[in-house]
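Examination of the molecular architecture
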Amino acid sequence: MRITIAKQPKKTDTLVLPIKEGEHLTGKQKKALSKQTILDIESSIKEKLFKGKVGEQLLFKNTIIIGIGDKKKITKHSLKKSIGNINEPIKKLKATKISIVHEDANESLWLAASIFMNAYKFDKYLSKKDKKLTEITITGSTPEKTEIAKMQTLLESIYYTRDLVNSTSNDIDPNTLVEEAKKLAKENPEIKLTILDRKKLESLGCGAIISIGQSSTKGPYIVIMEYSSSDAKNPEQPIAIVGKGITFDTGGLYLKPSVHMNDMKMDKAGACTVLGLFKTFKDLKPKGRILGVMAIAENLIGKEAIRPGDIITAYNGKTVEILNTDGEGRVVLADAVAYTEKNYKPSKIISIATLTGAAIVSLGYDITAVLGTEKDLIGKIIESGEEVDEMCWELPLYPDYCEKVKGKISDLTNTGRDARAQTIMGAAFVQAFAGKTPFAHLDIAGTAWANEHKAGYPAGGTGVGIMMLQKFIENIYSQ
Ligand code: BES
Ligand code: ZN
Ligand code: ZN
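Residues numbered from 1 in each chain as written. Chains lettered and ligands numbered in written order. Predicted model: local features only at pLDDT ≥ 70, side-chain atom pairs only at ≥ 80, totals over all residues. Heavy atoms only, no water.

Some details on the domain arrangement of the chain
Considered domain by domain, the chain is made up of domain 1 (2-119) and domain 2 (157-477). One C-alpha centre belongs to domain 1, the other to domain 2; they are set 39 Å apart. Every contact between the two is made by 11 residues of domain 1 and, on the other side, 13 residues of domain 2. Summed over both partners, the interface of domain 1 with domain 2 comes to about 1000 Å²; 53% of that surface belongs to carbon and sulfur atoms. Counting every contact that joins domain 1 to domain 2 gives one salt bridge. Between D389 and K80 there is a salt bridge, with its nearest N and O atoms 3.0 Å apart. Here domain 1 and domain 2 share seven residue pairs in polar contact (both at pLDDT 80 or more) between them. (Domains from an automatic or database assignment. Contact = heavy atoms within 4.5 Å. Buried area = accessible area lost by both parts, 1.4 Å probe. Salt bridge = Lys/Arg side-chain N within 4 Å of Asp/Glu carboxyl O. Polar contact = N/O pair within 3.5 Å; in protein donor to acceptor, adjacent residues only side chain to side chain.)

Structure representation (structure tokens):
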């Protein structure tokens, strides 16, 4: 995928012309069109067939005009929504190259990004692959080359993460997910890789992740990617991002009902987001030290599977009664977080996970739940999300609820005995392994996966979290 700039749109390209509400074609847009097309478009505007509202779109030969709404209310979100239906004309025209003609460089770049986000197609397993959109040229007013390069890097990582999340559990399993980390580390010498396999985890006393992974012949693993920019002030404390990488979640012996199990290849999205984020570092080279940790396992059933009521001992010595084997994500994160805290002494830990169905009940599919111990950290996460149109909303890590994950015959239970507020209980459980380190948790159960196409996100893995975490890191290190 490529975003380029040019003075004039290319003759063979499909044209995308954004028009604001109540406005007409601009001079530059007219220059790109034949007299007849100008007449056709202007008469649609006159006859109020096209008013320029967000969501309006018309096709004239090879020209797509899109409404971008009231000029005073244009945001990244409204622009993303304005191209929500653009796949239809792209498909109809079999367009592989697009030129945008628009007078605002930043808006054009975001529109180009949104078009690419929309046009993603997961065709890994199709024997016949359709031609894809490969290039968008921005004309009219052009963004900085560095901004374009950065956007391209982010989009490539989003595509990469989507590909991983969409890949099936017989393709991406714990072993092959680890291979992905190896590939990234090979491509970027600034990433140091540590792989803790089952044997090593056993010797370290990581009884939590082992208890989930013992249901499978593959894994479990804790993988640590350590990124240090060459100008990082060593021994600066790193920021740690810890992702849940359950390559398939059957629910364990608390077997999920079949419809709820169908998409559970997506339960690795947290780890895949960490991989996608680290992929951006090769080009973006953030200043500082960042740890990407992945807690990888399969949650299967069978004679080795952990049984409800079993009590295990986690890396930090805390005992945990597994009350519900479907609450496996928090259990694998427990060891990953405790190991990271003890061995790397990070300045902050952020976990990212498709942790609870309750996050979908409370915030739906468009808003990520964020919980944590520090207002400042949560504020920075929410702000970074706003800057890239990835909405996060805080749920309280209410101290009384943190009490509820404490056990009677063990130090902790994985779910508490009261099944309510599981998004909070899940975060409270993971937090118990972060020690005194400032901690935030992102529950992406709703946002990591689109059940059907929505503006910017084709059905399947969304790649949400990459732009937000990249922005968060950029904001931290630019202070
Ligand atoms: N992977 C699921 C959460 C999930 C649900 C992700 C729907 C995406 C879509 C997680 O492991 C799980 O099963 N959580 C349980 C927690 C319960 C046992 C306390 C849930 O949400 O029901
Ligand atoms: Zn589960
Ligand atoms: Zn799960």
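Structural notes on the coordination of the zinc ion (ligand 3)
Every protein donor of the zinc ion (ligand 3) is accounted for by K244 (NZ), D249 (OD), D267 (OD) and E328 (OE), and the metal-donor separations fall at 1.9 to 2.4 Å. With six donor atoms in place around the zinc ion (ligand 3) and angles of 78 to 173° between them, the coordination shape is octahedral. Sequence spacing among the residues donating to the zinc ion (ligand 3) works out to K-x4-D-x17-D-x60-E. Here the zinc ion (ligand 3) and the zinc ion (ligand 2) are spaced 3.2 Å apart, linked through D249, which binds each one. A residue pair is termed long-range when its members are at least 10 positions apart, and K244 in strand 9 (residues 239-249) and D267 in the loop between helix 10 (258-261) and helix 11 (269-284) qualify at 23 residues. (Donors = N, O, S within 2.8 Å, 3.2 Å for Na, K, Ca; no water. Tetrahedral: all angles 85-135°; square planar, octahedral: opposite > 155°, others 65-115°. Helix = DSSP H or I, 4+ residues; strand = E, 2+ residues; numbered from the N terminus.)

Some thoughts on the packing of helix 6 (residues 145-166) against helix 17 (residues 466-477)
Taken N-terminus to C-terminus, the directions of helix 6 and helix 17 make an angle of 135°; their axes are 10 Å apart at the nearest point. Accordingly, the angle class assigned to the pair helix 6 and helix 17 is oblique. The residues of helix 17 that touch helix 6, namely those facing K150, M151, L154, S157, I158 and T161, are I466, M467, Q470, K471 and E474. Grouping the constituent residues of the contact of helix 6 with helix 17 by class yields five nonpolar, three polar and three charged. (Axes fitted to C-alpha atoms, helices over the stretch in contact; angles between N-to-C directions. Parallel < 35°, antiparallel > 145°, perpendicular 65-115°, else oblique. Nonpolar A, V, L, I, M, F, W, Y, C, P; charged D, E, K, R; others polar.)

Quick notes on the side chain of D443
Positionally, D443 belongs in strand 17 (residues 439-443). Summary of buried charges: D443 has no salt-bridge partner, and the nearest side chain of opposite charge, R330, is 7.1 Å away. Among the polar contacts listed, one links the side chain of D443 to the backbone nitrogen of L355, at a separation of 3.2 Å. Residues contacting D443, with those up to four places away along its chain left out, are A353, T354, L355, T356, A359, T368, A369 and T423. (Buried < 20%, exposed > 50% of the residue type's maximum accessible area, 1.4 Å probe, protein only. Lys, Arg positive; Asp, Glu negative; His and termini not counted.)

Details of the pairing of strand 10 (residues 289-299)
Summarising burial for strand 10: 11 of the 11 residues are buried, a large majority. Burial of strand 10 is two-sided: the residues R289, L291, V293, A295, A297 and N299 facing one way and the residues I290, G292, M294, I296 and E298 facing the other way are all buried. Pairing between strand 8 (residues 221-228) and strand 10: eight bridges, direction antiparallel. Within strand 10, the residue paired with S228 across the bridge is R289. Two strands pair when backbone bridges link them, and strand 9 and strand 10 are joined in this way by nine bridges, in the parallel orientation. Bridged to K244 within strand 10 is A295. (Pairing = 2+ DSSP bridges.)

As for unusual backbone geometry
A cis geometry characterises the amide bond from G219 onward to P220, with omega recorded as -5°. Relative to the helices and strands, P220 is located in the loop between helix 9 (207-213) and strand 8. We note that K48 has phi near 60°; this positive angle belongs to a residue other than glycine. With respect to the secondary-structure elements, K48 resides in the loop between helix 2 (35-46) and strand 3 (57-60).

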